Amino acid sequence: MKRIVKLLAVTAGMILALMGCGRQEPAGEERVMVADPADLLNKVWDKFGEEERFPAMGGDPGNPVDNGAGIFNIEDKESLTYMLYLPAEQAGMIDEAASLIHAMNANTFTGAAFHLTKEADAEALAEALRESILNTRWMCGFPDEMAIYVVNDEYVVSAFGKEEIMKQFKASLSQVFGKGAVPAAEEKIE
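Just so it is clear, the model here is predicted, and its values are computed rather than measured.

What counts and how
Residue indices begin from 1 for each chain and proceed along its sequence in written order. Reporting in this predicted model follows two pLDDT cut-offs: at least 70 for local features of residues, and 80 or more for side-chain atom pairs to be given and counted; totals over whole chains, interfaces and linings ignore these cut-offs and use all residues. The side-chain numbers reported here are obtained from all heavy atoms of the structure, hydrogens and water having been left aside. By the criteria applied, helices consist of DSSP H or I runs no shorter than four residues and strands consist of E runs no shorter than two, each listed in order from the N terminus. Only protein chains enter the area calculation, which uses a 1.4 Å probe; residues under 20% of their type maximum are buried, those over 50% are exposed, and those in between are partly exposed. Between two residues, a contact is recorded if the distance between any of their heavy atoms is within 4.5 Å. Where accessible areas are quoted, they stem from the Shrake-Rupley method and a 1.4 Å probe; at the residue level, only the protein chains shown are allowed to cover. A residue's pLDDT is the confidence the predictor assigns to it, expressed on a 0 to 100 scale. Here a cavity denotes a set of grid points, spaced 1 Å apart and computed over the protein atoms alone, in which a 1.4 Å probe fits but from which it cannot get out, and a pocket denotes an open set meeting protein on both sides within 12 Å along at least five of seven lines; residues with an atom within 4 Å of a point are reported as lining. Grid points are joined across faces, edges and corners, and a volume is the space filled by probe spheres set on the points. Three categories are distinguished: nonpolar for Ala, Val, Leu, Ile, Met, Phe, Trp, Tyr, Cys and Pro, charged for Asp, Glu, Lys and Arg, and polar for the others, with Gly belonging to the last. Note on terminology: a nonpolar core comprises buried Ala, Val, Leu, Ile, Met, Phe, Trp, Tyr and Cys residues joined through side-chain atoms within 4.5 Å. N or O atoms closer than or at 3.5 Å make up a polar contact, with two conditions inside protein: a donor-capable atom paired with an acceptor-capable one, and, for residues adjacent in sequence, both atoms drawn from side chains. Axis geometry follows a simple rule: fit a line to the C-alpha atoms, using only the stretch in contact for helices, then measure angles between N-to-C directions, giving values from 0 to 180 degrees. Angles below 35 degrees are treated as roughly parallel, those above 145 as roughly antiparallel, those between 65 and 115 as roughly perpendicular, and all remaining angles as oblique. When two rings of Phe, Tyr or Trp (its six-membered ring) have centres within 6.5 Å they constitute a pair, described as stacked for plane angles under 30 degrees, edge-to-face for angles over 60, and tilted for the intermediate range.

*Asks:* Which residues make up the overall build of the chain, and what values do they have?
*Replies:* Scanning the chain from terminus to terminus reveals 5 helices and 8 strands. In sequence order, the chain lays out its α and β elements as α-α-β-β-β-α-β-β-α-β-β-α-β. Taken over 190 residues, the chain has a buried fraction of 45%. In the chain, the share of contacts with a sequence separation of at least 24, taken over all contacts with a separation of at least 6, comes to 61%. For the chain, the accessible surface area stands at approximately 10,900 Å², while carbon and sulfur atoms represent 55% of it.

Structure, rendered in structure tokens:
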């Protein structure tokens, strides 16, 4: 009889533990999975309405993508720095990158997503990007603001551009990733 009681107690404990493991997170708090940095940016771009879209291109100079984000060749460190403002010293912190850029003027909007290596510190990369963007000597018009987010604890997303586009980008990023998109920096560019 004692064995049966112990067996029932152990079984009940296991059932309760399994119920806790299988618990669903509340709606709106589920982690949105992405395949790569381009997928992340395209999920955000897809939330832009027709009237909010602009001529866009993604990728890198050797592999451009029309009207969407594209993978950026991280071996081209010069372009990473020149186009996406990733300081060369931080290039080893990422293993993938993607871009989404206004096709007429990069200062109107430039967005980038960087996948962190396992050893990388998201806050350190975000701060390096912030410094790089804010210390740029702009030509062909100034962007109004910049924002940097850490997404799903494994991506750093940077964007700068005109206020109305930035507002839409941040709203779309939040709509897609919810609490998974954590602001690391948001500043006006002067």
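*Asks:* Any chance you could break down unusual backbone geometry for me, citing the residues and the numbers?
*Replies:* A positive phi angle, near 65 degrees, is found at Tyr 85, a position not held by glycine. The topology assignment puts Tyr 85 in the loop between α3 (77-84) and β4 (94-102). If you check the backbone angles, Asp 153 has positive phi at about 60 degrees while not being a glycine. The residue Asp 153 is located in the loop between β6 (145-151) and β7 (155-161) in this model. The class of Asp 153 is exposed, set by a relative accessible area of 69%.

*Asks:* Which residues make up the confidence of the model for the chain, and what are the values?
*Replies:* When pLDDT is averaged across the chain, the result is 88; 85% of the residues are at 70 or more. Counted against residues more than four places away or in other chains, residues 16-28, with its pLDDT under 50, gives 1 contact.

*Asks:* Please provide a residue-by-residue account of the layout of surface pockets, values included.
*Replies:* Regions of empty space are outlined by a rolling probe, equal in size to a water molecule, passed over the atoms. The space that makes up the largest pocket amounts to roughly 400 Å³. In terms of lining, the largest pocket is formed by 17 residues, of which the most central are Tyr 82, Met 83, Tyr 85, Ala 106 and Asn 107. Residues that form the lining of the largest pocket fall into these classes: 11 nonpolar, 5 polar and 1 charged.

*Asks:* Which residues make up the nonpolar core, and what are the values?
*Replies:* Counting 29 residues, the largest nonpolar core has Leu 80, Leu 84, Leu 86, Ile 94, Phe 114, Leu 125 and Val 156 as its most contacted members. Examining the composition of this core, we find that 5 residues originate from one element, helix α4 (residues 122-134), more than from any other. For Ile 94, the contacting residues outside a window of four places in its chain are Ile 74, Leu 80, Leu 86, Phe 114, His 115, Leu 116, Thr 117 and Leu 125. With 27 residues, the next largest nonpolar core counts Ile 165, Leu 173, Val 176 and Phe 177 among its residues.

*Asks:* Tell me about the environment of Phe 142, and name the residues and values.
*Replies:* In this fold, Phe 142 is placed in the loop between α4 and β6. For the pair Phe 142 and Phe 160, spaced 18 residues apart in the sequence, the C-alpha separation amounts to 9.7 Å.

*Asks:* Give me the environment of Glu 186: which residues, what numbers.
*Replies:* Examined against the element boundaries, Glu 186 turns out to sit in strand β8 (residues 181-188). Once the C-alpha coordinates of Glu 186 and Ile 148 are considered, the two residues, 38 residues apart in sequence, prove to be 6.4 Å apart. With residues up to four places along the chain from it excluded, the contact list for Glu 186 reads Met 146, Ala 147, Tyr 149 and Lys 170. Side chain to side chain, Glu 186 and Tyr 149 meet in a polar contact 2.9 Å long.

*Asks:* Give a description of the packing of helix α2 (residues 37-45) against helix α5 (residues 163-177) that names residues and reports values.
*Replies:* Packing of α2 against α5 brings their axes to within 8 Å, and their N-to-C directions diverge by 110 degrees. Classified by the angle between their axes, α2 and α5 sit roughly perpendicular to one another. Contacts between α2 and α5 involve Leu 40, Leu 41, Lys 43 and Val 44 from the former and Phe 169, Ser 172, Leu 173, Val 176 and Phe 177 from the latter.

*Asks:* Which residues make up the packing of aromatic side chains, and what are the values?
*Replies:* The way to describe two aromatic rings as a pair is by their centre distance and the angle between their planes. On inspection of all chains with the given rule, the structure shows 8 aromatic pairs. Ring geometry for Trp 45 versus Phe 54: centroids 4.9 Å apart, planes at 65 degrees, classification edge-to-face. Across the pair, exposure class does not vary: Trp 45 and Phe 54 are buried alike. Judged by centre distance (5.2 Å) and plane angle (85 degrees), the ring pair of Tyr 85 and Phe 160 falls under edge-to-face.

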